[in-house]
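As a plain string of letters, each chain reads:
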Amino acid sequence: MSITLASASNTDYVYLASGTITLTMPTAIGNSNRYTIKNVGAGVITVDTILGQTIDGSSSVLISVSNTSIDLISDGSNWNVI
C-alpha cells in the first residue's frame, strides 16, 4: 500500500502507521510543515520522497522497529530528520 502525505500550509502532521506501507512525502519546496511518522505495528514503514528530493541525503527512510518515530522538516529543498 502507498499513501501520499498531505501538505496544507501551516499544519503539522502526525501519522501513526501500521503494517508494511510506503508513505510518500509531499514536495519539500516551500513546505514549512513538520511531519511526525510513527510505526505502531510490526511491519516496515518506508518513507519516500518525490522529484529527486532526499531525506538526510537518501531517497527513502525505513522505520522498521515498532514504536519508533521520526520527525521531518524541510530545509526548502529537501527533508531532514530532526
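Note: the structure precedes this text.
Rules of the game
- Residues numbered from 1 in each chain as written.
- Predicted model: local features only at pLDDT ≥ 70, side-chain atom pairs only at ≥ 80, totals over all residues.
- Heavy atoms only, no water.
- Pairing = 2+ DSSP bridges.
- Helix = DSSP H or I, 4+ residues; strand = E, 2+ residues; numbered from the N terminus.
- Axes fitted to C-alpha atoms, helices over the stretch in contact; angles between N-to-C directions.
- Polar contact = N/O pair within 3.5 Å; in protein donor to acceptor, adjacent residues only side chain to side chain.
- Contact = heavy atoms within 4.5 Å.
- Salt bridge = Lys/Arg side-chain N within 4 Å of Asp/Glu carboxyl O.
- Buried < 20%, exposed > 50% of the residue type's maximum accessible area, 1.4 Å probe, protein only.

Visitor: Help me out: how do you make sense of the sheet that holds strand β1 (residues 2-4) in this one?
Guide: What links the strands of a sheet is backbone hydrogen bonding, and the strands pair in either a parallel or an antiparallel sense. If you walk across this open sheet you meet the four strands as β1-β3-β5-β6, and the pairing is mixed. With one partner strand each, in any of the chains shown, β1 and β6 (60-63) form the two edges of the open sheet. Within the sheet, the average angular offset between the axes of one strand and its neighbour, ignoring direction, is 20°.

Visitor: Sorry if this is basic, but what is going on with the side chain of Asp71 here?
Guide: Within the fold, Asp71 resides in strand β7 (residues 68-74). One polar contact links Asp71 to Thr36, side chain to side chain, over a distance of 2.5 Å. The residues touching Asp71, leaving out its near neighbours within four places in the chain, are Arg34, Tyr35, Thr36, Asn80, Val81 and Ile82.

Visitor: Mind showing me how you'd approach the pattern of salt bridges here?
Guide: For side chains bearing opposite charge, pairing can occur when the charged atoms are close. Taken as a whole, this structure holds one salt bridge when the rule is applied. Two residues, Asp71 and Arg34, come together in a salt bridge whose shortest N-O distance is 3.1 Å. Taken as a pair, Asp71 in strand β7 and Arg34 in strand β4 (residues 34-39) lie far apart in primary sequence, 37 residues in all. The class of Asp71 is buried, set by a relative accessible area of 18%. Given a relative accessible area of 34%, Arg34 falls into the partly exposed group.

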